[in-house]
Structures are given as C-alpha cells and as structure tokens.
Amino acid sequence: MPLSPSETTSLLERLGHLPKKKLGQNFLIDGNIVEKSLQLADLPASGDVVEIGPGLGTLTRKLLDAGQTVYAVEIDHRLAENIEKTETKAIQQGKLILSRADAVKMPLGSLPDSIANYAIVANLPYAISSAWLESVLNTQRLPQRMVLMMQKEAVERIWAKPGTKEYHALSIFISNTYQLTEKHAVSRKCFYPAPAVDSMLIRIDLKEDAFLFSSSTRALIRKIFTQRRKQLGSLARKEAPEIKEIIQQWLDEGEHPSSSRPEQIPSSDWKRLGILLAGTH
Ligand code: SAM
C-alpha cells in the first residue's frame, strides 16, 4: 500500500522536506493507481524495469515486491538518501540500482548495455516528460513497453491528429515507434500535494514496425515544425541542395503539393521522409 496522505506528510516532515513544485513532486497516495500501474505493465516474473523519479519509493517498493530489478533515477538528493535508507536490503542484493541524476541526461539510469528486454514504469515529473522521452529515443535502445503517468495535455499532444494545433514533432517521433494501448484518467486527489493539472496513466507498446528517426532527421523535422504553417516547398529551399531534393522527391511520391504545410502531413508520411533521409545526413 502507498503511504496515506497523513503518512506522507509526516514522512515529509520527518525528512524536513517540502515537496518541490519545479521537480513535479506530487506523490502517489492512491493504492488503486499503484496497483493499476503494475497491472498495465504486466511484467515478467523477474524482469528489469527503469523507474524515473522514485520519490518516496511507493512505486519502487511495489516493483521490487513483484520480483523486478529496478533501475531508478532520482534527482533530489534528500529523497534519494531516504530510499537508500529504506531500501538498503534491495540495494545490497543488487535488486535496486539507484542513480542520483537528471533523467533527461540519464534516461535509463544505470541500466546495463547488455539488457535489451526491459520496461519503463514511472510517475513522471511533468516538466521533463517530453525532453525525457526524446532522450529515451536518443538511446536507440527502446523498451518494449512503458507505463507512464503524464499530464493529460501531454498525452493528448503526443497522440494529436494532423491538422490540429497539438500535432507536433514529438507526436511524429513517438507515434511511429509506439502505439497507445491503454489510457486512464487519474484524479488529482490520487496525489499529495494535488497537482494543478489533470493526469493520465498510459501504457504504450513498441510497434511491430517501429521506426526510429535518426537524430539528424528529428532535428530537421523539429526545425520544420517551428514554421508549421509555412509551405513545405519554401521550407525545403532553405535546406542544403541534397536535403532539398529529397524533400521534393518525398512530396512528389506522396502526392503532396509543395504548398502543403508541415502540420497537415500524417505521421506515417513523415516516416517515409525518415526512410529517404536515412544515411544521407
Ligand atoms: N514515484 C513517486 C510517486 O509516484 O509517488 C514520485 C513521483 S513525482 C511525480 C516525480 C519524482 O521525480 C520526484 O521524486 C522528483 O524529485 C523526481 N524528479 C524530478 N525531476 C527529475 C529529473 N530531472 N530527473 C530525475 N528525477 C526527477
């Protein structure tokens, strides 16, 4: 069971710790949501899991109880210190490997390179969710499954439809790699302190035909989306000749006129551009 609201406040008091808003320190206090996260993750009997921001260790304990080896990343030294004290045994047994680090710089914690089959389960600090997801893509070592607590708007932005104002570069990168298998609205009351935004618990699974854009193509698409309402033909003219040529070929093959705007192009068509550009820059 996670700590109740009063247990959470007294633990925080004992640690002399005021929850830090800028680190998204909204701790889970609802047992059903912790349970639901584990259920959605559907983990193997003794798997490997990365957890971002273990905080007071609620989800961490549940993952350990489920027989997982947990690679956790926590930026807050006081909270990390508390986990080191409460989970000494798991740490000594090598079941919990805690990194005191920024998850954007260390998106998989200390997960060894030799482990290819792993999952990520996390109640994310909302301020870093997009940057952290990009860092995960950069590792080129994608988990089969992620169960993530995110801000509702962030989920809606990632799975936004072309032509909407929410549709953006990260929507294209993630939706070509992962499918959204489940989503559940989560009440603000499930956290202490209650956040000022709505949350959603999601499960995303690696697609069978997952396509991972190279980092240079991601940079190009991100740059194109800073001018999302400009015509692709004129955006292409600003690029080096070989890139301009490939963009033109891509538009012609997809029967998109040069006057098409980035925000109108479906995610699967951006994948075609990614394939054409692969190995060229
Ligand atoms: N897992 C806990 C739970 O569910 O109750 C806490 C989740 S809380 C929403 C987010 C946690 O992420 C906090 O412990 C916070 O200190 C940590 N955090 C914030 N920014 C971080 C970063 N850049 N890298 C690693 N951890 C971070």
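Residues numbered from 1 in each chain as written. Predicted model: local features only at pLDDT ≥ 70, side-chain atom pairs only at ≥ 80, totals over all residues. Heavy atoms only, no water.

> Outline the domain arrangement of the protein chain, supporting the account with residue identities and numerical values.
Parsing the protein chain into structural domains produces domain 1 (5-206) and domain 2 (215-278). Domain 1 and domain 2 are separated by 33 Å when their C-alpha centres are compared. If you look at the interface, domain 1 gives 16 residues, while domain 2 gives 15 residues. Both sides of the domain 1 and domain 2 interface together cover about 1,100 Å² of buried area, and 52% of this is carbon and sulfur. Taken together, the connections running from domain 1 to domain 2 amount to 2 salt bridges. For arginine 218, the salt bridge goes to glutamate 134, with nearest N and O atoms at 3.1 Å. Across the contact surface, domain 1 and domain 2 share 11 residue pairs in polar contact (both at pLDDT 80 or more). Going through the elements one at a time, helix 6 (129-138) and helix 8 (169-175) are the ones with two or more residues in the side of domain 1 that touches domain 2. Sorting elements by how many residues they give to the side of domain 1 that touches domain 2 places helix 8 first, with 4 residues. Class assignment for the residues of the side of domain 1 that touches domain 2 results in 6 nonpolar, 7 polar and 3 charged. (Domains from an automatic or database assignment. Contact = heavy atoms within 4.5 Å. Buried area = accessible area lost by both parts, 1.4 Å probe. Salt bridge = Lys/Arg side-chain N within 4 Å of Asp/Glu carboxyl O. Polar contact = N/O pair within 3.5 Å; in protein donor to acceptor, adjacent residues only side chain to side chain. Helix = DSSP H or I, 4+ residues; strand = E, 2+ residues; numbered from the N terminus. Nonpolar A, V, L, I, M, F, W, Y, C, P; charged D, E, K, R; others polar.)

> Tell me what's going on with the site of the ligand, and back it up with residues and numbers.
By nearness alone, 22 residues border the ligand, and Leu28, Gly53, Glu74, Ala103 and Asn123 come closest of all. One of the backbone N or O atoms of glycine 53 is found 2.7 Å from a nitrogen atom in the ligand. Contact with the protein chains removes 98% of the 590 Å² of surface that the ligand exposes when unbound. Looking at the shell around the ligand, the elements that each hand over two or more residues are strand 1 (27-28) and strand 3 (69-74). Grouping the amino acids of the shell around the ligand by side-chain chemistry returns 12 nonpolar, 6 polar and 4 charged. (Near = heavy atom within 4 Å. Areas by Shrake-Rupley, 256 points an atom, 1.4 Å probe, with all protein chains shown as cover.)

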